[in-house]
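Descriptive analysis of the structure
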Amino acid sequence: MRVLIPGIGGVLGQRVARRLLEQGHEVIGIDRRPWPDAPPGIELHNVDIRKRAAEDVFRKRRPQAVIHMATVTHLVEKTAERYKINLGGTRAVFEHCRDWGVEHAIFVGRHTYYGAAADSPLYHKEEDPPMAVTTFPELSDLVAADLYACTALWRLPNMRTTVLRMVYTLGPTGHGTLATFLRGRHVPMVLGFDPLFHFMHEEDVTTAICLALEKRVQGVYNVAGPQPVPLSVVVRGTGRTPIPLPEFAFRAALGRFGLPRLPPGALAHIMYPVVVDSEAFRAATGFVHQVDEVRAMEEFRNAFPVRG
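The name an unreviewed UniProt entry assigns to the protein chain is SDR family oxidoreductase, from the organism Polyangium jinanense.

Following this line, the structure appears as structure tokens:
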């Protein structure tokens, strides 16, 4: 199958591309970022997904499937550009899919779509609405991109559409929001709160995305691996030291004293869990995670040891 991957230059995009190439697929990638050591056989186009040159790739290469991974978080881009990349890029991808006969489009989203709040359900199901977006505006563009991808399920009935809401990733590459939060020696927590964190190893994320393509599933799916664990367990399991702080002190300390820099809205995600029910995806694809939470934490700890 000829598969096009917008966002191929990212850590997960590269992993998915390599896996698909090993499985015998023809892999084409679009990304503004270079991939200088890409394996032979992967066709790369160093263009912006929102530009005419990207549509030319669709027109000339006519991919049968598209795996859209070209979205970014607040840790990578500031508000205006992030909004253009996430929502504008997603809209462009699905328009090109419609115009150039793509058979299957997969949108790789995030489980933080649901938001974190004191009254949220413990396990989110796919039909749950996004919560607390008004208190965490840095999530709004990713939520909008997810919702736009979902509209393809009824707008584009001739194309198979899959929306994946992936939990945090954790592993030896240090990719993702959770890994960034854990990068320092000391990890702040809000005194009196120890929420469950849901994450899976990078290899299992790759497997799940490739299975969605292989099984040609349609619809919206939460994707998770092992059981969620309390934040304090994640911190200690990765060799870090938790620093419980009163909420007012937590806000004042962010970005100082060697602690991570987070927007104010992220505080809810340190206080309340965002945990998903992924049974529907497992039933549809037969997905079984291979790396448990302990090994995922160990691999991160070994790759990013605390010095001193």
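Looking now at the pairing of strand β12 (residues 219-223). Most of β12 sits out of view: four of its five residues are buried. Of the strand pairs in this sheet, strand β7 (residues 160-166) and β12 are connected by five bridges, and their pairing is parallel. Across the sheet, residue Val163 finds its bridge partner in β12, namely Val220.

Turning to the state of the cysteines, a few remarks are in order. This model, assessed by the stated rule, comprises zero disulfides. The thiol of Cys150 is not disulfide-bonded; the next cysteine sulfur, from Cys97, is found 15 Å away. What makes Cys150 buried here is its relative accessible area of 16%. Among the cysteines around Cys210, which has no disulfide bond, Cys97 carries the closest sulfur, lying 17 Å off. The exposure class of Cys210 is buried, given its relative accessible area of 4%.

Now for the packing of helix α1 (residues 11-22) against helix α6 (residues 202-215). The interhelical angle for the contact between α1 and α6, taken along N-to-C directions, is 55 degrees, at an axis separation of 9 Å. By the angle class used here, α1 and α6 are oblique. At the point where α1 passes α6, the crossing takes the right-handed sense. Only Glu202, Glu203, Val205, Thr206, Thr207, Ile209, Cys210 and Leu213 of α6 make contact with α1, whose side of the interface consists of Leu12, Arg15, Val16, Arg19 and Leu20. Residues of the contact of α1 with α6, tallied by class, amount to seven nonpolar, two polar and four charged.

Turning next to the side chain of Asp146. Mapped onto the elements of the fold, Asp146 is located in helix α4 (residues 140-155). The class of Asp146 is buried, set by a relative accessible area of 2%.

This paragraph deals with the pattern of salt bridges. Applying the stated criterion across every chain, the model contains 18 salt bridges. A salt bridge links Glu26 to Arg2, with the nearest nitrogen and oxygen atoms 3.4 Å apart. Here Glu26 is found in strand β2 (residues 26-30), whereas its partner Arg2 is found in strand β1 (residues 2-6), with 24 residues between them in sequence. Given the relative accessible area of 33%, Glu26 is considered partly exposed. Notably, a salt bridge pairs Glu95 with Arg91, separated by 3.1 Å at the nearest N-O pair. Taken together, the residues span about one helical turn, with Glu95 and Arg91 both in helix α3 (residues 79-99) at a distance of four residues. For Arg91, a relative accessible area of 47% translates into the label partly exposed. Beyond isolated ion pairs, a larger network of salt bridges with shared partners links Arg2, Glu26, Glu43 and Arg61.

So, how was this worked out
Residues numbered from 1 in each chain as written. Predicted model: local features only at pLDDT ≥ 70, side-chain atom pairs only at ≥ 80, totals over all residues. Heavy atoms only, no water. Buried < 20%, exposed > 50% of the residue type's maximum accessible area, 1.4 Å probe, protein only. Helix = DSSP H or I, 4+ residues; strand = E, 2+ residues; numbered from the N terminus. Pairing = 2+ DSSP bridges. Disulfide = S-S within 2.5 Å. Axes fitted to C-alpha atoms, helices over the stretch in contact; angles between N-to-C directions. Parallel < 35°, antiparallel > 145°, perpendicular 65-115°, else oblique. Left-handed = near helix turned anticlockwise from the far one by under 90°. Contact = heavy atoms within 4.5 Å. Nonpolar A, V, L, I, M, F, W, Y, C, P; charged D, E, K, R; others polar. Salt bridge = Lys/Arg side-chain N within 4 Å of Asp/Glu carboxyl O.

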